[in-house]
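Structural description and commentary
Here is how the chains run, residue by residue.
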Amino acid sequence: MPRLKYASVLRVVVILVPLCLWVQVMLSASSGVIDRDGDFDSVVATLTDGRDRNELPESETNPVVEVESKITNTEWSFTEELMNSNDTSDQVLALVPPELHKYLTIHSKNFTGNGTERSSPKNVSDIRRAIQRHNDAQTIYNEDIFGPVQNDTIIIAIQVHTRLTYLRHLIVSLAQARDIDRTLLVFSHDYYDDEINALVRSIDFTKVMQIFYPYSIQTHPNEFPGVDPNDCPRDAHLEQAIKMKCNNAHHPDLHGHYREAKYTQTKHHWWWKANRIFNQLQCTTTHTGMVVFLEEDHYVAEDFIHMLHLLRTTADRSCPHCEILCLGTYLKTYQYHTYNDKRKHVSLSYVQQVRSAAEERRNRAVQSWNYQVYPYLYSANQKVEITPWHSSMHNMGMVFNRTVWNSIMELQDQFCAYDDYNWDYSLLHLSQNRPGREKFKVILCKGPRVFHIGECGIHHKKSNCNASTVISKVQKLLQTAKASMFPTRVSATISAGGAKHNKKLTKGNGGWGDIRDQELCTNMTRIGRQMRKFIGFA
């Protein structure tokens, strides 16, 4: 009998010890990877090989991805706070002329305790009325100083959300650009905020206009296009959604998911902004010049306008059919995702995957991304390239005129119906499906004049979102290349593009299956035509 008792106790110990060790490993991995550093998104990105979560087939889903979808809303608000960290370092300020430091001034009274999140005292009704008033007025600030908008004035359209730190530095870079006083800056906002408005209206180096996207999540917090309480959950199955009788239950996207307002808003905003500029504003009714598309987390070189003219001249001479100019190229040499062997990674257990991702994160912490400055990119005779336009490679500092816009408008229904929440991939779909016409051709700077300084955003959410680190690197790059700015000529090379350029889109990234999104997109264009008739009559 004692021997039997001893054997039973031994069996219990043998079972409990491995179980306790497993629990300890799980707690250690999760606290080090998820809770402590808030870096869960980077872990998930690693485990999914950097792909959009809508692109993952069902066979590759795993517990990490499922957990990510459950915490994404909480992590989103935390990440936006990190993105807005406004700790402008002395190193960055040293490279900014003293007279421009005013654009980097922080007004702490409009910040929350952690100094990152935008706040506004107005309620939704007040904000809607303010947006209507500003959009109706179409005020151009500083027009009395710099003169009216001409038909060939360069318009710089800047899409703004809430990342005030990046916006400050974009404005500083614009202020240092030669001939900026001959342009019109159009700031297009999808978030109404007194601090952001005050910053924009403090610009005194050129003409400025503000337009406000009127169908934002901020102005429609509990209804479409925001988040309606009866909207279908993103991951609800079709049968489940139909049983719930939630909105748009019969129309999930091509990956079987339902809409998320924070993603659809970006495409809506871009489409509304372009329609507004080309079809609705009084000052652009007869405008035939170039429109430069920037975002709040871009940074421009001082000769970007000079290079724009060189690109236009070169295109007229060497590529009359080039419809798009591009001032920015992606030269980031550090890659976020290094797990290229999916088969090896999938074979790991869940615990091994989390531990492996944590190890990569630790190794990554001692590295930093950088822009690689190739000497031939910045020289007396600089290179430009003529190639097929591709959305993810040529969407930064993109430039086109009304003629190109009209060709896009011919396929507006395809843009609005295409199941992809990215405006640039939707344009790529149009480019690849123009009846009787070739794909868009682009002429671009090999030595970029527009840079991406936003380490965090909708697609990349990292815990170390310190804007100063990134901005400092871009400033140093431009200092290194300063002697080669304002080249007198450029030499063009024609490229057929690589496999990525010419790969036919078989399907979109999803996120745009909701009929309401497609109809709102289409109605923006109709409103534009009606508005233009009204303006002409007035």
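Residues numbered from 1 in each chain as written. Predicted model: local features only at pLDDT ≥ 70, side-chain atom pairs only at ≥ 80, totals over all residues. Heavy atoms only, no water.

**With respect to the overall build of the protein**
Scanning the protein from N- to C-terminus turns up 19 helices and 12 strands. Looking at the 538 residues of the protein, the share that counts as buried comes to 52%. Accessible area for the protein stands at about 25,100 Å²; split by element, carbon and sulfur atoms hold 54% of it. (Helix = DSSP H or I, 4+ residues; strand = E, 2+ residues; numbered from the N terminus. Buried < 20%, exposed > 50% of the residue type's maximum accessible area, 1.4 Å probe, protein only. Areas by Shrake-Rupley, 256 points an atom, 1.4 Å probe, with all protein chains shown as cover.)

**Quick look at the nonpolar core**
In this structure, Ile 156, Leu 174, Phe 187 and Leu 327 are the most contacted members of the largest nonpolar core, which totals 48 residues. At the level of elements, strand E2 (154-160), helix H7 (164-175), strand E3 (183-189), helix H8 (194-201), strand E5 (291-295), helix H11 (304-318), strand E8 (381-388) and strand E10 (441-445) are the ones that each hand at least two residues to this core. Excluding its chain neighbours within four sequence positions, the residues that come into contact with Ile 156 are Leu 174, Ile 180, Thr 183, Leu 184, Leu 185, Val 186, Val 292, Leu 294 and Phe 304. Grouped together as the second largest cluster of nonpolar side chains are 43 residues, Ile 211, Trp 272, Trp 389 and Cys 521 included. (Core = buried A, V, L, I, M, F, W, Y, C linked by side-chain atoms within 4.5 Å. Contact = heavy atoms within 4.5 Å.)

**A closer look at helix H14 (residues 402-409)**
Helical geometry note: an α-helix holds 3.6 residues per turn, so side chains three or four residues apart project in the same direction. Counting buried positions along H14 yields 6 of 8 residues, so the element is predominantly enclosed. Residues of H14 that are buried: Arg 402, Val 404, Trp 405, Ser 407, Ile 408 and Met 409. Where H14 begins, the side chain of Asn 401 points an oxygen toward the backbone nitrogen of Thr 403, at a separation of 3.2 Å. (Polar contact = N/O pair within 3.5 Å; in protein donor to acceptor, adjacent residues only side chain to side chain.)

**What to know about the pairing of E3**
On a regular strand, each side chain points to the face opposite its neighbour's, so the side chains alternate between the two faces of the sheet. With 7 of 7 residues buried, E3 lies mostly within the body of the structure. Pairing between E2 and E3: 7 bridges, direction parallel. Among the inter-strand pairings, Ile 156 is bridged to a residue of E3, identified as Leu 185. Regarding the hand of the β-α-β motif, the stretch spanning E2, H7 and E3 is right-handed. Judged from the 6 bridges that link them, E3 and strand E4 (residues 207-212) form a sheet pairing that is parallel. Each residue of the ladder has a partner; that of Val 186, found in E4, is Met 209. Traced from E3 through H8 to E4, the parallel crossover comes out right-handed. (Pairing = 2+ DSSP bridges. Right-handed = clockwise from strand over helix to strand, strands pointing away.)

**What about empty space enclosed by the protein?**
Per the stated rule, a full pass over the model turns up 2 cavities of 30 Å³ or more. Here the largest cavity defines a volume of roughly 40 Å³. What lines the largest cavity is simply Trp 270, Lys 273, Phe 293, Leu 294, Glu 295, His 298, Asn 395 and Trp 423. Those elements that place two or more of their residues in the lining of the largest cavity are helix H10 (261-280) and E5. Examining the composition of the lining of the largest cavity, we find that 3 residues originate from one element, E5, more than from any other. Here the lining of the largest cavity is composed, by residue class, of 4 nonpolar, 2 polar and 2 charged. Lining the second largest cavity we find Asp 231, Cys 232, Asn 247, Asn 248, Tyr 258, Arg 259, Asp 514 and Arg 516. For the lining of the second largest cavity, the per-class residue count stands at 2 nonpolar, 2 polar and 4 charged. (1 Å grid on protein atoms, 1.4 Å probe; cavity = no way out; pocket = protein on both sides within 12 Å on 5 of 7 lines; lining within 4 Å. Points joined across faces, edges and corners; volume = space filled by probe spheres on them. Nonpolar A, V, L, I, M, F, W, Y, C, P; charged D, E, K, R; others polar.)

**Focus: the packing of aromatic side chains**
Counted by the stated rule, this structure contains 14 aromatic pairs. Ring centres 5.5 Å apart and planes at 35 degrees place the aromatic pair Trp 270 and Phe 293 in the tilted group. One end of the pair, Trp 270, is in helix H10; the other, Phe 293, is in strand E5, and 23 residues separate them in sequence. No difference in accessibility class separates Trp 270 from Phe 293, as the two residues are buried. Centroid distance Trp 271 to Phe 415: 4.2 Å. Interplanar angle 20 degrees. Geometry classified as stacked. Of the two residues, Trp 271 is situated in helix H10 and Phe 415 in helix H15 (residues 412-417); the sequence distance between them amounts to 144 residues. Take Trp 271 and Phe 415: they sit in the same class, and that class is buried. An aromatic cluster of at least three residues, connected via ring pairs, comprises Trp 270, Trp 271, Phe 278, Phe 293, Phe 400, Trp 405, Phe 415 and Trp 423. In this structure, Arg 178 packs its charged tip against the face of Phe 486, placed 3.7 Å from the ring centre. Just above the ring of Trp 512 sits the side chain of Lys 267; from NZ or CZ to the centre is 4.2 Å. (Phe/Tyr/Trp six-rings, centres within 6.5 Å; stacked < 30°, edge-to-face > 60°. Lys NZ or Arg CZ within 6 Å of the ring centre and 35° of its normal.)

**Observations concerning the state of the cysteines**
Within the structure shown, the criterion is met by 3 disulfides. With a sulfur-sulfur separation of 1.9 Å, Cys 319 is cross-linked through a disulfide to Cys 322. Judged by the sign of its S-S torsion, about 85 degrees, the cystine formed by Cys 319 and Cys 322 is right-handed. Across the pair, Cys 322 and Cys 319 agree in class, each one buried. Across the disulfide, Cys 416 is cross-linked to Cys 521 (sulfur-sulfur distance 2.1 Å). Measuring handedness by torsion sign, the sulfur bridge of Cys 416 and Cys 521 sits at about -70 degrees and is left-handed. With Cys 416 in helix H15 and Cys 521 in helix H19 (residues 515-537), this residue pair connects regions lying 105 residues apart in the sequence. The pair formed by Cys 416 and Cys 521 is uniform in burial state, with each residue classed as buried. Cys 445 provides the cysteine sulfur closest to Cys 326, a residue in no disulfide bond, and the two sulfurs are 7.7 Å apart. Take Cys 326: its relative accessible area is 0%, and that puts it in the buried class. (Disulfide = S-S within 2.5 Å.)

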